[in-house]
Amino acid sequence: YGGMGLDFSYNIAVAEELGNIRCAGIPMAIGVQAGMATPALTRFGSHELKKKFLVPTIAGDFVACLGISETGAGSDVSNIKTTAVRKGDEYVINGGKMWITSGSQADWMCLLANTSEGPPHRNKSLICLPMNLPGIHVAKKIDKLGMRSSDTAQIFFEDVRVPCKNLIGEEGKGFTYQMLQFQEERLWAVATALTPMETIIQETIDYTGQRKVFGQPVLHNQTVHFRLAELATEVELLRSLLHRAVALYVEGNDVTKFASMAKLKAGRLTREVTDSCLQFWGGMGFTSEVLVSRFYRDLRLMSIGGGTDETMLSIICKYMDILPRK
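Predicted model only: the values in this text are computed from it and were never measured. (Residues numbered from 1 in each chain as written. Predicted model: local features only at pLDDT ≥ 70, side-chain atom pairs only at ≥ 80, totals over all residues. Heavy atoms only, no water.)

### Some thoughts on the domain arrangement of the protein chain
Domain annotation of the protein chain identifies domain 1 (25-170) and domain 2 (176-320). Summarising the inter-unit geometry, the C-alpha centres of domain 1 and domain 2 are found 29 Å apart. With 22 residues of domain 1 at the interface, the matching set in domain 2 holds 18 residues. Buried area between domain 1 and domain 2, both sides added, is near 1700 Å², and the carbon and sulfur share of it is 64%. Viewed at the interface, domain 2 and domain 1 are joined by one salt bridge. We note a salt bridge from Glu184 to Arg43, for which the minimum N-O separation is 2.5 Å. Counting the contacts that link domain 1 with domain 2 gives seven residue pairs in polar contact (both at pLDDT 80 or more). (Domains from an automatic or database assignment. Contact = heavy atoms within 4.5 Å. Buried area = accessible area lost by both parts, 1.4 Å probe. Salt bridge = Lys/Arg side-chain N within 4 Å of Asp/Glu carboxyl O. Polar contact = N/O pair within 3.5 Å; in protein donor to acceptor, adjacent residues only side chain to side chain.)

Next up, the structure:
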């Protein structure tokens, strides 16, 4: 279908390199296209669906988006309300999606919707939804704290009709397919954060080495150079966890626990690195002229998008068998 047929470790190598882009919204958009909206279609979609949607997406002729989150269901995927009711050989879709990356410009959406009244983990399906159909309303491009270059949209569906053959895989398996894809999404997110953190640390070293306060460079203060050494160590530890998880995943193992740990640590560490380094920049750090202030805003999403820190902790507790049962 136009891809290179390489294993997932190559995705991570690319993700780490994309971290060199001094704007986190661009790697995120590429990540949605390559690793969030397309894995389920790649694994479970029919040949006809792959020819129609996957081939032009891999070629870069189509922009794809992922329609999971709603105003009342972000990390809680099982709580989505959007419905796709089968009528004849079509699904009729009603509802809405929120915080959809690339939503304003997407050619198609990998949509998760409720296709039956059954249990919340077995009543959902994934559907390839062309975004030019009647009844699809892109309400607005959302104004955000960070990732400001990213097109993030709110979208409503009103009696949108799509052929039943656009179903990805089996009906009722959408939640399961989505959970499989989350491992890759979270590992990708971690990989894209490593290089920005290294860049911020190095730029802070350069700046504090030149900036003098009370007759000496800011960097010469032990609290500054010790803190930067500590942060650099934490980044290397996160990279090691990521690479271990990826190696296990490529061998076919379930790395949900490790992926959740890495995502949790990345969310916490990006906040620590950007906050500590911004402080060492002093007044300049509070301006929009320096990279550290941009990443301070952009990387804050790491603790929210793709599953919040608290959701990661719950998953880790579940795998440790210490999560209280209902």
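### Quick word on the pattern of salt bridges
Under the counting rule described, the total for this entry stands at 18 salt bridges. A salt bridge links Arg22 to Glu203; its shortest N-O distance comes to 2.6 Å. Of the two residues, Arg22 is situated in the loop between helix H1 (8-18) and helix H2 (25-36) and Glu203 in helix H5 (residues 174-210); the sequence distance between them amounts to 181 residues. Between Arg325 and Asp321 there is a salt bridge whose closest N-O contact spans 3.1 Å. With relative accessibility at 51%, the residue Asp321 sits in the exposed group. Beyond isolated ion pairs, a larger network of salt bridges with shared partners links Glu16, Glu198, Glu236 and Arg239. (Helix = DSSP H or I, 4+ residues; strand = E, 2+ residues; numbered from the N terminus. Buried < 20%, exposed > 50% of the residue type's maximum accessible area, 1.4 Å probe, protein only.)

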